[in-house]
Amino acid sequence: MEILDAILNVDPNYIIIGLLAFFFTLEQLLDNPFSFKKRGTHLLQNILFQIVFFAINLFFISILVYCIEWLNSHEIGLLFLFDIPFWIKLILSVMLFDFATYWLHRASHKVPLLWRLHRVHHSDTTMDSSTTFRFHPIELAIIYQGGNIVAAGIFGLDVTALAFYYFIVYVFFFLEHSNLNYPKWLNTTLGLIFVMPDHHRVHHHQEQFYTDSNFADIFIIWDRIFGTFKLIPTVQMNYGLIEFEEEKKQSFLYLMKSPFINIKRK
């Protein structure tokens, strides 16, 4: 319990900055599966998304916490029907947050309005660790925070579990997006249960057949169970979206306004 408290008491922004510094440094020092240029410019463009999200989320996070605590105070949700030990409940809660996010992520690829926001993340044609930040702030602050509230109401999840979930998911985000060579045996060991970098690289493939797969963030078992799992060799990866290949469409300002532009999916 003391270890958990220590983790959750760390400012999440320090964790995020530390993870970015660690993985971005490794990308400059080690061999990469993909050769990209202008890493500094790319990093700056993606950091701008995180800055804007941080600013607007100062408001939305208070709504999120209030709603979940209200649901908990009224014991709304499935887990309130059972007497479960703390650590088992915590693990189940992390899995259920990931389960809910899987379905919301899947919907973001199928519902046109949600895709307009989510395609900002998939627009990156040169994916690296900083791509972790390339999400439209509206999507993160409203759509996904709203999804967390719904998940808490259905399953009876609390703020502590959500904070722990985000601690874990950010570690996975940086692992999954980093332009690093990972051992292939990960796919046939840990990759039977957890999302591995090669799984998520398929999700960022330019072809929609592959983009609409591997939706999970932590537990790849959701994709395996619900038939959305795909795996192809890393050398066949081609990142991004065809409709965003122009250099001007990779800029922060263009991507921020892109959800309000009618861009046909190719």
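No experiment lies behind these values; they were computed from the predicted model shown.

1. A short note on the overall build of the protein chain
Helices and strands together make up the secondary structure of the protein chain, namely 12 helices and 0 strands. Listed by position from the N terminus, the elements making up the protein chain come as α-α-α-α-α-α-α-α-α-α-α-α. For 266 residues, the compact-globule estimate of 2.2 N^0.38 gives 18 Å, and the C-alpha radius of gyration of the protein chain, at 18 Å, lies within 12% of that figure. Taken over the C-alpha atoms alone, the protein chain extends approximately 55 × 40 × 35 Å along its principal axes. Looking at the protein chain residue by residue over its 266 residues, the buried ones come to 49%. Contacts in the protein chain between residues far apart in sequence, at least 24 positions, make up 75% of those at least 6 positions apart. Working note: accessible area of the protein chain is about 13,100 Å², and carbon and sulfur atoms make up 69% of it. The protein chain carries 19 positive and 23 negative side-chain charges, and their two centres are separated by 14 Å.

2. Here we look at the nonpolar core
In terms of nonpolar packing, the biggest core is built from 42 residues, with Val94, Phe97, Leu157, Tyr165, Tyr170, Phe174 and Ile218 touching the most fellow members. Counting residues per element, the ones that place at least two in this core are helix 2 (12-29), helix 3 (39-73), helix 4 (86-110), helix 6 (137-155) and helix 7 (159-177). At 10 residues, helix 7 tops the list of elements feeding residues into this core. The residues contacting Val94, other than those within four sequence positions of it, are Ala161, Phe164, Tyr165, Ile168, Ile218 and Phe219. Counting 9 residues, the second largest nonpolar core, distinct from the first, contains Val120, Leu241, Phe244 and Tyr254.

3. Re helix 5 (residues 112-122)
Within helix 5, 8 of the 11 residues are buried, which leaves the element mostly enclosed by the surrounding structure. Those residues of helix 5 that fall on the buried side of the exposure criterion are Leu114, Trp115, Leu117, His118, Arg119, Val120, His121 and His122.

4. Remarks on the packing of helix 4 against helix 6
Between two packed helices, both the angle of their axes relative to each other and the distance between the axes serve to describe the pair. For the pair helix 4 and helix 6, the least separation of the axes is 10 Å and the interaxial angle reads 135°. With respect to helix 6, the axis of helix 4 lies oblique. You can see that helix 4 and helix 6 cross each other, and the crossing is right-handed. Residue-level inspection shows Leu96, Phe97, Phe99, Ala100, Thr101, Leu104, His105 and Ser108 of helix 4 in contact with helix 6, the latter providing Glu139, Ile143, Tyr144, Gly147, Asn148, Ala151 and Phe155.

5. Topic: the packing of aromatic side chains
Per the stated rule, a full pass over the model turns up 26 aromatic pairs. Measuring from ring centre to ring centre gives 6.1 Å for Phe99 and Phe226, while their planes differ by 45°; the resulting arrangement is tilted. Here Phe226 lies in the loop between helix 11 (221-225) and helix 12 (252-257) and Phe99 lies in helix 4, a separation of 127 residues in the sequence. For Phe226, a relative accessible area of 33% translates into the label partly exposed. Geometrically, the ring pair formed by Tyr102 and Trp103 is edge-to-face, given 5.1 Å between the ring centres and 85° between the ring planes. Taking the relative accessible area as the measure of exposure, Tyr102 reaches 0% and is therefore buried. Look at Trp103 and you get partly exposed, because its relative accessible area is 36%. Clustering of aromatic rings is evident, with ring pairs tying together Phe99, Tyr102, Trp103, Phe155, Phe172, Phe194, Phe215, Phe219, Trp222 and Phe226. Across the ring face of Phe209, the terminal group of Lys230 is positioned such that the distance to the ring centre comes to 4.4 Å. Above the plane of the ring of Trp115 lies Arg265, whose end atom (NZ or CZ) is 3.9 Å from the centre.

6. Here's the deal with the packing of helix 3 against helix 7
At their nearest, the axes of helix 3 and helix 7 sit 10 Å apart, and the two run at 145° to each other. Counted together, Gln50, Leu64, Val65, Ile68, Glu69 and Asn72 of helix 3 and Val159, Leu162 and Tyr170 of helix 7 form the full contact between these two elements. Of the residues belonging to the contact of helix 3 with helix 7, the class tally is 6 nonpolar, 2 polar and 1 charged.

7. Quick look at the side chain of His204
For His204, the position within the fold is in the loop between helix 9 (197-203) and helix 10 (208-211). Here His121 takes part through its side chain, which lies 3.2 Å from a polar atom of the side chain of His204. Every residue in contact with His204, bar those within four places of it in the chain, is listed here: His121, His122, Met127, Thr131, His177, Asn238, Tyr239 and Gly240.

8. Here we look at the confidence of the model for the protein chain
Close inspection of predicted coordinates is inappropriate in any region flagged by low pLDDT. Mean pLDDT over the protein chain: 94, with 98% of residues reaching 70 or higher. Looking at the elements of the protein chain, mean pLDDT is at its lowest for helix 1 (residues 2-8), recorded as 69, and at its highest for helix 11, recorded as 98.

Reading guide: rules and limits
- Every chain begins its residue count from 1, and numbering advances along the sequence as written.
- Owing to the predicted nature of the model, reporting of local features is limited to residues with pLDDT of at least 70; listing and counting of side-chain atom pairs is limited to 80 or more, with chain, interface and lining totals taken over all residues.
- For the side-chain quantities, the full set of heavy atoms in the structure was used; hydrogens and water were omitted.
- A run of H or I in DSSP becomes a helix once it reaches four residues, and a run of E becomes a strand once it reaches two; helices and strands are each numbered from the N terminus.
- Our radius of gyration is a C-alpha quantity, and the globule rule it is checked against amounts to 2.2 Å times the number of residues to the power 0.38.
- Only protein chains enter the accessibility calculation, which uses a 1.4 Å probe; a residue whose area is less than 20% of its type maximum is buried, one above 50% is exposed, and one in between is partly exposed.
- Throughout, a residue-residue contact means that at least one pair of heavy atoms, one from each residue, lies within 4.5 Å.
- Residue burial considers only the protein chains on display, and all accessible areas are found by Shrake-Rupley using a 1.4 Å probe.
- Only four residue types enter the tally: Lys and Arg on the positive side, Asp and Glu on the negative side; His and the chain ends are excluded.
- Charged side chains are reduced to one point each, which is NZ for Lys, CZ for Arg, CG for Asp and CD for Glu.
- By nonpolar core is meant a set of buried Ala, Val, Leu, Ile, Met, Phe, Trp, Tyr and Cys residues that side-chain atoms within 4.5 Å join together.
- In this analysis, axes come from line fits to C-alpha atoms, helices being fitted only over the stretch in contact, and the angle between any two N-to-C directions falls in the range 0 to 180 degrees.
- For classification purposes, an angle smaller than 35 degrees is called roughly parallel, one larger than 145 roughly antiparallel, one from 65 to 115 roughly perpendicular, and anything else oblique.
- The handedness criterion is simple: a crossing whose near helix is rotated anticlockwise from the far helix by less than a right angle is left-handed, and one whose near helix is rotated clockwise is right-handed.
- What counts as a ring pair is set by centres within 6.5 Å for rings of Phe, Tyr and Trp (its six-membered ring), and what kind of pair is set by the plane angle: stacked under 30 degrees, edge-to-face over 60, tilted for all other angles.
- As a reminder, the over-ring test applies to NZ of lysine and CZ of arginine, requiring each to be within 6 Å of the ring centre and within 35 degrees of the ring normal.
- In this classification, the charged set is Asp, Glu, Lys and Arg, the nonpolar set is Ala, Val, Leu, Ile, Met, Phe, Trp, Tyr, Cys and Pro, and all remaining amino acids, among them Gly, are polar.
- Side-chain atoms alone can form a polar contact between residues adjacent in sequence; in general such a contact is a pair of N or O atoms within 3.5 Å, and within protein one must be able to donate a hydrogen while the other accepts it.
- Predictor confidence is given residue by residue as pLDDT, running from a minimum of 0 to a maximum of 100.

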